[in-house]
Amino acid sequence: AGGRARGGGAAVSDSAAPLRTVVVDDEPATRGYLCHMVRRAPELALVGECASGGDAVELLRAQPVDLVFLDVAMPDLDGFGGIAAVGVERMPPVVFVSAYAEYAVRAFEAYALDYLLKPVDEGRFGVRHGRLDETSLSALRCVLCLLPCVIPLVGSGCIARWMRAAGANREA
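Quick caveat, the model's predicted, so the values are computed rather than measured.

This next bit is on the pattern of salt bridges. Using the criterion set out here, one finds 6 salt bridges in the structure. Across the salt bridge formed by E49 and R39, the nearest N and O atoms sit 3.9 Å from each other. With E49 in strand 4 (residues 44-50) and R39 in helix 1 (residues 28-40), this pair connects stretches of sequence that are 10 residues apart. The class for R39 is exposed, based on a relative accessible area of 56%.

What follows deals with empty space enclosed by the protein. The full count for this structure, using the stated rule, is 2 cavities of 30 Å³ or more. In this model, the largest cavity occupies a volume close to 60 Å³. G53, A56, L60, L70 and G82 are, among the 13 residues lining the largest cavity, the residues nearest its centre. Secondary-structure elements contributing two or more residues to the lining of the largest cavity are helix 2 (53-62), strand 5 (67-71) and helix 3 (79-86). Sort the elements by how many residues they give to the lining of the largest cavity and helix 2 lands first, with 4 residues. Its residues assigned to classes, the lining of the largest cavity comprises 9 nonpolar, 3 polar and 1 charged.

Criteria and thresholds
Residues numbered from 1 in each chain as written. Predicted model: local features only at pLDDT ≥ 70, side-chain atom pairs only at ≥ 80, totals over all residues. Heavy atoms only, no water. Salt bridge = Lys/Arg side-chain N within 4 Å of Asp/Glu carboxyl O. Helix = DSSP H or I, 4+ residues; strand = E, 2+ residues; numbered from the N terminus. Buried < 20%, exposed > 50% of the residue type's maximum accessible area, 1.4 Å probe, protein only. 1 Å grid on protein atoms, 1.4 Å probe; cavity = no way out; pocket = protein on both sides within 12 Å on 5 of 7 lines; lining within 4 Å. Points joined across faces, edges and corners; volume = space filled by probe spheres on them. Nonpolar A, V, L, I, M, F, W, Y, C, P; charged D, E, K, R; others polar.

Below, the structure is given as structure tokens:
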């Protein structure tokens, strides 16, 4: 069965179980489409949908979730504010969804798995004929397994120091 990371962090599903997925978007049409796509993918299980960042924070604090499709720009609390409110160490992996390409770099700095531009199409969603692309699924499962080990390192700056040292060694 699933477990929790240090400090009640992001959920980690059994590798055979569908990934517990939440969709957060203030636009009803986009939210509906993403929910439809999640329902079509047998590897994903829709466990909630929210129309606001505040509702998403409540939901993510209340139940285990493996994956979040998160809108960047919402009126009450944007996606980045939602991550801060939940806490990076407790936040499940995120696929950001936005109509604005300019937030992409910031999203990946916030450890996004992916960044989908609206309108989201089926190919970019990672679904082929109703099934999550096997490469995407394998990568996501690896992230979920490693997340409890990596989050403390990110917070302590260990990874940044290691990357700087690795870069210096390559240049030498």
